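Analysis of the macromolecular model
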Amino acid sequence: MPVRALVVDPSAPAAVRLAEVPDPVPGPNQVLVDVSHASLNYGDLNDARSGRVPMGAVLGSDAAGVVVQAAADGTGPVVGTRVVALTSGAFAERVAIDVGALAKVPKGLDLAQAVALPVAGVAALRSLRAAGLGPDKRVLVTGASGGVGRFAVQLAARAGAHVIASVGSTGRGEGLAEAGADKVLIGLEGLERPVDVVIDSVGGPQLVAAWNLLAPGGSVQSVGWTSGEPAVFPPYATVGPAKSLTSFVIEGDTGADLAILTELAAEGALTVEIGWQGSWDCFDEAAEALRGRRISGKAVLETASGELHAPGPSPRG
C-alpha cells in the first residue's frame, strides 16, 4: 500500500508537495516506523531547491514515531517503542530506519519535542565536541536563535563555558539569557575580546568577522550558511598564530548522541523551543516562516497519523 510523503517538486511553491510513495521495505537491520512528527530544517529547504535531493524523492531528516516492525536481525527496539531518528526520507507516514540512526524516546518527552533534536541537536553537540569545548572556553554562537544555535548555547553553558549568543535582532534574542547565554549581541557589535570556539550558522561577512575574533588555537565550526552571502577574507587574514576553520557535516550513526540529547530533554536539562507546529498539509506556510526567519527554535510538522493541531504558529512561538 502506498503512503503519503512530502516529495521534492521544483514546480511547487516551496519545491515540495504531498504525494503517495511506495510503502518502504525494511532491510535486515532496519525497523519500520509509523511517523507522527517530523522536524523541518533550513537545510531541507535548500535540499529541495538545489537538486541535492532528486525530483520525486522524499525530503527530510528528522522523524519521530512508533516502531511497527522490528529489525529482522534482532537488533534495535521492539514493536511499540517510541523512537526518534535522523534518517534520509524522513517526511513520510512510514519510514524504514537503520537501528543505528535512532534512539528510544524516554517517558515524559513528547514526540513533538523529541523530533526537534536530530539534525539541530546532533549538529550542536558534535560541533562543540569537535571544537574542544571546555569549562574555561569562551564560546560564540552565531544564528543563536535558530535550532542549532539554541541547542549550542544550552550545551556550551551546561559544560561551564562563557557563552556569547549572536542574533539578528533584539526580538530574536528572547530567551537566550535564560538558556544560558552570558551575553546576547546583535550581530557581533560590542564583542572585542577573543573567543576560543565559534559555532557559525550564518556564513558570509559574519563568518569573516568571527574568524578575526578567534584566539590562537581556537576553532570555527561552520555548520550552516543562512546568509547566502560570500565570505571574503582580506589578504593575510589566514596568516598568523594557528587557528582553524572547519567544515561540518553529520556523518555515521547518530543513535548514541540522540540518546544523550533525549535524556537531557526528558530531564529538563535541555529545553526544546518549538516556534511553529502544525499539519504537514501546511508545509508551504512553515517553509515561508522558516526562510523568512520568523521562527525561533524549531518547526515541527505533524503527519496525518499524528495528533493534529490548528495549523500555523503555535502558542509557544
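Summary of the structure given here. Please read these numbers as outputs of a predicted model, since none were measured by experiment. (Residues numbered from 1 in each chain as written. Predicted model: local features only at pLDDT ≥ 70, side-chain atom pairs only at ≥ 80, totals over all residues. Heavy atoms only, no water.)

A look at the pairing of strand β1 (residues 3-8)
- Taken across its six residues, β1 has five buried, putting it largely inside the fold.
- Note: β1 against strand β2 (residues 16-21), six bridges, orientation antiparallel. Its bridge partner being in β2, Val 3 is matched across the sheet by Val 21. (Buried < 20%, exposed > 50% of the residue type's maximum accessible area, 1.4 Å probe, protein only. Helix = DSSP H or I, 4+ residues; strand = E, 2+ residues; numbered from the N terminus. Pairing = 2+ DSSP bridges.)

Focus on the sheet that holds strand β13 (residues 244-247)
- Read from one edge of the open sheet, six strands run β10-β9-β8-β11-β12-β13, paired in parallel fashion. The open sheet is flanked by β10 (183-186) and β13, the only strands paired with a single partner. Between one strand axis and the next, the sheet turns by 20° as a mean value, whatever way the strands run.
- Where strand β8 (residues 138-141) and strand β9 (residues 162-167) come together, four bridges link them in parallel fashion. Directly across from Val 141, in β9, lies its bridge partner Ala 165.
- Relative to the sheet, helix α3 (residues 118-131) contacts β8, β11 (195-200) and β12 (214-222), its axis offset from that of β12 by approximately 155°.
- Running at roughly 155° to β12, helix α6 (residues 204-212) makes contact with β8, β9, β11, β12 and β13 of the sheet. (Axes fitted to C-alpha atoms, helices over the stretch in contact; angles between N-to-C directions. Contact = heavy atoms within 4.5 Å.)

Observations concerning the pattern of salt bridges
- Applying the stated rule across the entire model yields nine salt bridges.
- The shortest N-O distance in the salt bridge between Asp 23 and Arg 94 comes to 3.1 Å. Of this pair, Asp 23 sits in the loop between β2 and β3 (30-40) while Arg 94 sits in strand β6 (residues 94-98), and the two are 71 residues apart along the sequence.
- Each of Arg 4, Glu 93 and Asp 281 takes part in a single network of salt bridges with overlapping partners. (Salt bridge = Lys/Arg side-chain N within 4 Å of Asp/Glu carboxyl O.)

A look at α6
- Those residues of α6 that fall on the buried side of the exposure criterion are Gly 204, Gln 206, Leu 207, Val 208, Ala 210 and Trp 211.
- Looking at the packing, one finds that the buried side of α6 touches β8, β9, β11, β12 and β13.

Things to note about the nonpolar core
- Judged by nonpolar contacts, the single largest core of 44 residues is most densely connected at Val 153 and Leu 155.
- Those elements that place two or more of their residues in this core are α2 (111-114), α3, β8, α4 (147-158), β9, β11 and α7 (255-267).
- Among the elements that take part in this core, α3 stands out by supplying seven residues, more than any other.
- Once residues lying within four places of it in the same chain are set aside, the contact partners of Val 153 are Val 141, Ala 144, Val 163, Ala 165, Leu 176, Ala 179, Gly 180 and Ala 181.
- One finds Ala 5, Ala 14, Val 21 and Ala 286 within the second-largest nonpolar core, a separate group that totals 42 residues. (Core = buried A, V, L, I, M, F, W, Y, C linked by side-chain atoms within 4.5 Å.)

Note that every value here comes from positions in space, so none of it alone points to a role or purpose.
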